[in-house]
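Here is how the chains run, residue by residue.
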Amino acid sequence: MSAASSLPPRAHSGNRRDEAARLAVLHAADDLLVEHGFGALTIESIARRAGVAKQTIYRWWPSKVEILLDVLIEDSEKRFPVPTEEQPTADDIRRYLRAFVRFVTRDPAGRVLLALLAEAQHHSATAASLHERYLDPRRAAERDLLARATAAGEIAPDLAPDATMDALVGPIVYRAMTGAPIPRALVDTLVADLLKPRRPPA
């Protein structure tokens with residue numbers, strides 16, 4: 001047996017290279033969207049910025065929308081995951097909404113969400129992918145969050161879960177999309193008015 005053949009196999013090197021290339025593509029797409037906007041973003045420009053072949057991108061993603069959705073999904077889970085406590089409180093929901101505010105006002109991936117929401121108004125395929133891959137799964141988790149908090153007696157919303165979440169996040173998204181500031185008191189007021197948190201005992 002030669003020295004070369006006695007070396008341990010390098011089965012994972014390709015996977016590491018693939019992951020590095022994938023992350024480079026996601027970062028490039030994120031950066032270019034912030035710099036130039038959705039309309040000017042192309043697969044060619046992403047490939048150049050990421051230092052990968054255009055064919056590599058098309059092998060993994062059918063369109064720039066799907067690339068941006070991967071950016072959005074991964075960064076949302078890092079920046080503002082839906083609380084998973086068995087008995088979440090109104091404060092947990094308030095913190096979640098404040099994290100969402102920071103995401104859409106300060107985070108580059110928040111710009112991705114706003115861009116996809118805008119694009120979805122004009123292209124049904126974008127709207128369908130955005131709902132299937134991001135909005136619907138997150139809404140299901142948010143719906144469960146409200147159900148757990150309600151069952152624990154921590155909140156008492158008058159509206160149905162979907163309407164409650166729409167009323168909570170709608171003003172935030174509107175102000176973010178119009179470039180208006182989002183005062184900290186807005187989240188506090190939304191939580192107090194819509195969730196009617198349980199008052200601590202005197």
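Reading the values: the criteria
Residues numbered from 1 in each chain as written. Predicted model: local features only at pLDDT ≥ 70, side-chain atom pairs only at ≥ 80, totals over all residues. Heavy atoms only, no water. Helix = DSSP H or I, 4+ residues; strand = E, 2+ residues; numbered from the N terminus. Buried < 20%, exposed > 50% of the residue type's maximum accessible area, 1.4 Å probe, protein only. Contact = heavy atoms within 4.5 Å. Expected span 1.5 Å × (residues − 1). Arc of directions from axis to C-beta. Core = buried A, V, L, I, M, F, W, Y, C linked by side-chain atoms within 4.5 Å. Polar contact = N/O pair within 3.5 Å; in protein donor to acceptor, adjacent residues only side chain to side chain.

**As for the overall build of the chain**
Consideration 1: The helix and strand inventory of the chain stands at 9 helices and 0 strands.
Consideration 2: The helix and strand sequence of the chain, counted from the amino end, reads α-α-α-α-α-α-α-α-α.
Consideration 3: The buried share of the chain, reckoned over its 202 residues, is 43%.
Consideration 4: Here the analysis covers contacts within the chain between residues at least 6 apart in sequence; of these, 64% occur between residues at least 24 apart.

**Observations regarding helix H9 (residues 184-195)**
Consideration 1: For H9, built from 12 residues, the straight-helix expectation of 16 Å at 1.5 Å per residue is met to within 8% by its first-to-last C-alpha distance of 17 Å.
Consideration 2: Among the residues of H9, those classed as buried are Val187, Leu190, Val191, Leu194 and Leu195. For H9, the arc enclosing every buried residue in end-on projection is 95 degrees, short of the 170-degree limit, so these residues lie on one face.
Consideration 3: Where H9 is buried, its residues meet helix H5 (90-106), helix H7 (124-151) and helix H8 (161-177).
Consideration 4: Lysine 196 sits one or two positions beyond H9 and adopts a positive phi of about 50 degrees.

**Quick word on the nonpolar core**
Consideration 1: Ile46, Ile57, Ile67, Leu72, Leu97 and Leu116 are the most contacted members of the largest nonpolar core, which totals 60 residues.
Consideration 2: Contact partners of leucine 72, with chain neighbours within four places excluded, come to Phe103, Ala109, Val112, Leu113, Leu116, Leu130 and Tyr134.

**Focus: the side chain of aspartate 92**
Consideration 1: Looking at the element boundaries, aspartate 92 is found in helix H5.
Consideration 2: Only 2.6 Å separates the side chain of aspartate 92 from the side chain of arginine 95, close enough to count as a polar contact.
Consideration 3: Excluding its chain neighbours within four sequence positions, the residues that come into contact with aspartate 92 are Pro83 and Glu85.

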